[in-house]
Amino acid sequence: MPNWGGGKKCGVCQKTVYFAEEVQCEGNSFHKSCFLRDLLQVMLWEEIWTKRLW
Ligand SMILES: [Zn+2]
């Protein structure tokens with residue numbers, strides 16, 4: 001049972017995550033925007049590394 005009362009922290013920005021904007025991944029909570037930004041950065045890095053291997 002999640003602890004709705006208090007203090008879920010975003011794994012990216014460390015600020016409080018409210019229910020409406022929460023994304024859960026592997027037991028951690030994130031803001032939707034933070035999660036997407038993080039995901040995009042990972043994808044971007046993979047793309048950069050892939051392009052380096054031309
Ligand atoms: Zn965040």
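Anything mentioned here points back to the structure above.
What comes next concerns the included structure. In this text, all values refer to a predicted model and were calculated from it rather than measured experimentally.

What follows covers the overall build of the protein. Scanning the protein from terminus to terminus reveals one helix and two strands. For the protein, the sequential pattern of α-helices and β-strands runs β-β-α. Contacts spanning at least 24 positions in sequence make up 6% of the contacts within the protein whose residues lie at least 6 apart.

This part takes up the environment of His31. With respect to the element layout, His31 can be found in strand 2 (residues 28-31). When the 20 C-beta atoms within 10 Å are taken as the criterion, His31 is described as buried. Along the sequence, His31 and Lys15 sit 16 residues apart, while their C-alpha atoms lie 8.8 Å from each other. In contact with His31, not counting residues within four places along its chain, are Cys10, Cys13, Val17 and Glu21.

Remember that side chains alternate between the two faces of the sheet whenever the strand is regular. In this structure, strand 1 (residues 22-25) lies alongside strand 2, joined through four bridges in antiparallel fashion. Of the residues in strand 2, the one forming a bridge with Cys25 is Asn28. If you look at the hairpin formed by strand 1 and strand 2, you'll find two residues sitting between the two strands, and Glu26 has a positive phi there, around 50°.

On to helix 1 (residues 32-52). Helix length check: helix 1, at 21 residues, gives a terminal C-alpha distance of 30 Å against a target of 30 Å (1.5 Å per residue), a fit within 8%. A small share of helix 1 lies buried, amounting to one of its 21 residues.

Turning to unusual backbone geometry, a few remarks are in order. Even without glycine at this site, Gln14 takes up a positive phi of about 65°. Within the secondary structure layout, Gln14 lies in the segment before strand 1. Despite not being glycine, Glu26 has its phi angle at roughly 50°, a positive value. Residue Glu26 is classed as exposed on the basis of its 5 C-beta neighbours within 10 Å.

Thresholds, definitions, all that
Residues numbered from 1 in each chain as written. Predicted model: local features only at pLDDT ≥ 70, side-chain atom pairs only at ≥ 80, totals over all residues. Helix = DSSP H or I, 4+ residues; strand = E, 2+ residues; numbered from the N terminus. Contact = placed C-beta atoms within 7 Å. Buried ≥ 20, exposed ≤ 12 C-beta atoms within 10 Å, placed from the backbone. Pairing = 2+ DSSP bridges. Expected span 1.5 Å × (residues − 1).

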